[in-house]
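Descriptive structure summary
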Amino acid sequence: MKKALIVGGGIAGPVTAMALQQAGLEPIVCEAYAEAAAEQIGAYLTVAVNGVSALALLEAHHVVTEIGHPTATLSFATSGGTHITDMPIGGTLPDGTVTHSIKRRDMYRALNVEATQRGVRFEYNKRLVDATSSADGVRATFADGTTMDADVLIGADGIRSRTREIIDPSAPKAHFLGIYGLGGFVTDRALHSKLGLRPGVYSMIFGKKAFFGYFVAPDGEIWWFANIPRAQELSESADSAYWRAHLIEKLSADRGPAARIVAATSDGTFVPAFNQYDMPTVTKWHNDNMVIVGDAAHAVASSSGQGVSMAVEDAVTLAICLRDIPDTAAALAAFENRRRERVEKVVAYGAQTSSDKASNGIARLLVRLLTPYFLRKAAKTGITPLNWMFDHRIDWTAQPVTQTA
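This structure is a prediction, so every number in the text was calculated from the model and none was measured.

A few words on the overall build of the protein. What the protein contains, in helices and strands, is 13 helices and 18 strands. Counting every position in the protein, which comprises 405 residues, the buried fraction comes to 57%. Residue pairs at least 24 apart in sequence account for 74% of intrachain contacts in the protein once pairs closer than 6 positions are excluded. Accessible surface, the protein as shown: approximately 17000 Å² in total, 52% of it carbon and sulfur.

Okay, here's the thing in structure tokens:
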């Protein structure tokens, strides 16, 4: 049985561990912090149907469907409050499951619990500082001075991946998208009725100074996010009170419920501004016995709604390759071969949508004016140009892959 060290206990780490365990490997998750990852950047995330489908191969899709909420429809509106059109978010799986939204911290906790219940071993306070390869495998060295040996090291350690740097010291750094993200939750369950909001519909507003999205959860809580274009990266964040006032000023230029939603968000449920990034092309994903997955290899802009789904697809595909190809180096090469084209296409799509949000002046005006036309045309024709992204499915029982598969 091959032993796999997985660096990172966020989302990609536990899912990769469960996939490898199902494939017959012995996974160990090494987390840098003293407890299960509890990253608070971002209020919530979307798991598209392709990600739910991949989780189902591991019988772990309930982590999303039991805690998250169905968000099958996107509704678009102009800054003036005019409804543009409604569109599906990725369609429906054969069992009726649709795209779901889930609070980030809830998914982190649920995945850690699920993996632990399956017997996956977690090691905490294990911050990777170095790793060396040999003919027998790989030795990882951690900040506490300890080492661990394994057959393969998998970096699920996010956009600032140390594993990526070890594999290739010249690897690119994260790329700032020119956008600040903010978010939060309104716990006043009566507000959505007062504002006339539609429960279960993911509403998007192309504002004059900010992009705003929200939906009403089944219990009446309002979940929201906003994107503000900015040329410079945020070096240190101000408190919630500052960003609430700043965002309300931006949103007050528009008609609609956005400013009132933000005003009703308390400090305890308000996520102050944070930088949004993606990853330029990472030339080297692996060496003979180390590999990167998820954001470490191909972080996508949040506007794609595919960050979690890409990580889950990676986890399942890597597990299949390591299951079916005895030689570790060949298995890692096959994994990259099967994933690179798809994920880079998703990254490019996310970068384009983020670029539209980050535009200023005339460019931003053109986006606001032309987008409704293209959205209405797509809705009228029934042609969804993103089917390639949502319709992707992985076959766990497929014939063994080869290095050139």
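Now, onward.
Now for the packing of helix α2 (residues 49–56) against helix α10 (residues 307–324). Where α2 meets α10, the closest approach of the two axes is 8 Å, and the angle between their N-to-C directions is 30°. You can see that α2 and α10 cross each other, and the crossing is left-handed. Seen from α2, the contacting residues are Asn 50, Gly 51, Ala 54 and Leu 55; seen from α10, they are Ser 309, Met 310, Val 312, Glu 313 and Val 316. Partitioning the contact of α2 with α10 into residue classes produces five nonpolar, three polar and one charged.

Moving on, we get to the packing of helix α1 (residues 12–22) against helix α4 (residues 104–117). When two helices pack together, their arrangement is given by the angle between their axes and by how far apart the axes lie. Taken N-terminus to C-terminus, the directions of α1 and α4 make an angle of 25°; their axes are 9 Å apart at the nearest point. Between α1 and α4, the angle falls in the class roughly parallel. The two elements α1 and α4 meet at a crossing, and its hand is left-handed. Of α4, the residues touching α1 (which contributes Pro 14, Val 15 and Met 18) are Leu 111, Asn 112, Glu 114 and Ala 115. Its residues placed into classes, the contact of α1 with α4 shows five nonpolar, one polar and one charged.

Take the side chain of Asp 168 next. On the secondary structure map, Asp 168 appears in the loop between α5 (162–167) and β13 (175–186). It turns out Asp 168 is buried and unbridged, and the closest side chain with the opposite charge, Lys 284, is 6.2 Å from it. Polar side-chain contacts of Asp 168 include one of 2.7 Å to the side chain of Ser 170.

Turning to the sheet that holds strand β11 (residues 147–150), a few remarks are in order. Judged by pairing direction, the sheet is antiparallel, and its three strands sit side by side in the order β9-β10-β11 without closing on themselves. Two strands in the sheet have a free side with no partner beyond their single neighbour: β9 (128–134) and β11. The average angle at which neighbouring strand axes cross in this sheet is 20°, direction not considered. Inspection of the sheet shows β9 paired to strand β10 (residues 137–142) by six bridges, in the antiparallel sense. Considered in β10, the bridge of Ala 131 is made with Ala 140.

Tallied over the entire structure, the rule returns 20 aromatic pairs. By way of ring pairs, the aromatic residues Tyr 44, Phe 76, Phe 185, Tyr 202, Phe 206, Phe 211, Phe 215, Trp 223 and Phe 225 are connected into one cluster. Note that Arg 323 overlies the ring of Trp 396, its terminal NZ or CZ placed 5.0 Å from the centroid.

Any two side chains of opposite charge can pair, so long as their charged atoms come close to each other. Evaluated as defined, the whole model comprises 17 salt bridges. In this structure, the salt-bridge partner of Arg 342 is Glu 313, at a minimum N-O distance of 2.8 Å. Taken together, the residues Arg 342 in helix α11 (residues 328–358) and Glu 313 in helix α10 connect sequence positions 29 residues apart. Pair check on accessibility: Arg 342 and Glu 313 agree, each one buried. Via salt bridges that share partners, Glu 313, Asp 314, Arg 339 and Arg 342 belong to a single interconnected network.

Attention now goes to the nonpolar core. Ranked by internal contacts, the top residues of the largest apolar core, which has 132 residues, are Met 107, Ile 154, Phe 212, Trp 224, Leu 247 and Ile 261. Among the elements that line this core, the one with the most residues is α10, at 11 residues.

Attention now moves to the pairing of strand β16 (residues 222–229). Within β16, eight of the eight residues are buried, leaving the element largely enclosed by the surrounding structure. Burial along β16 is two-sided: the residues Ile 222, Trp 224, Ala 226 and Ile 228 and Trp 223, Phe 225, Asn 227 and Pro 229 are all buried. When β13 meets β16, the two strands line up antiparallel, connected through eight bridges. What sits directly across from Gly 181, in β16, is Asn 227. As defined by bridge partners, strand β15 (residues 211–216) adjoins β16 across six bridges and the pair is classed as antiparallel. Looking at the pairing, Phe 215 lines up with Trp 223 of β16. Once β15 ends, the chain turns through five residues before running back antiparallel as β16, passing Gly 220 with a positive phi of about 95°.

Quick notes on the rules
Residues numbered from 1 in each chain as written. Predicted model: local features only at pLDDT ≥ 70, side-chain atom pairs only at ≥ 80, totals over all residues. Heavy atoms only, no water. Helix = DSSP H or I, 4+ residues; strand = E, 2+ residues; numbered from the N terminus. Buried < 20%, exposed > 50% of the residue type's maximum accessible area, 1.4 Å probe, protein only. Contact = heavy atoms within 4.5 Å. Areas by Shrake-Rupley, 256 points an atom, 1.4 Å probe, with all protein chains shown as cover. Axes fitted to C-alpha atoms, helices over the stretch in contact; angles between N-to-C directions. Left-handed = near helix turned anticlockwise from the far one by under 90°. Nonpolar A, V, L, I, M, F, W, Y, C, P; charged D, E, K, R; others polar. Parallel < 35°, antiparallel > 145°, perpendicular 65-115°, else oblique. Lys, Arg positive; Asp, Glu negative; His and termini not counted. Salt bridge = Lys/Arg side-chain N within 4 Å of Asp/Glu carboxyl O. Polar contact = N/O pair within 3.5 Å; in protein donor to acceptor, adjacent residues only side chain to side chain. Pairing = 2+ DSSP bridges. Phe/Tyr/Trp six-rings, centres within 6.5 Å; stacked < 30°, edge-to-face > 60°. Lys NZ or Arg CZ within 6 Å of the ring centre and 35° of its normal. Core = buried A, V, L, I, M, F, W, Y, C linked by side-chain atoms within 4.5 Å.

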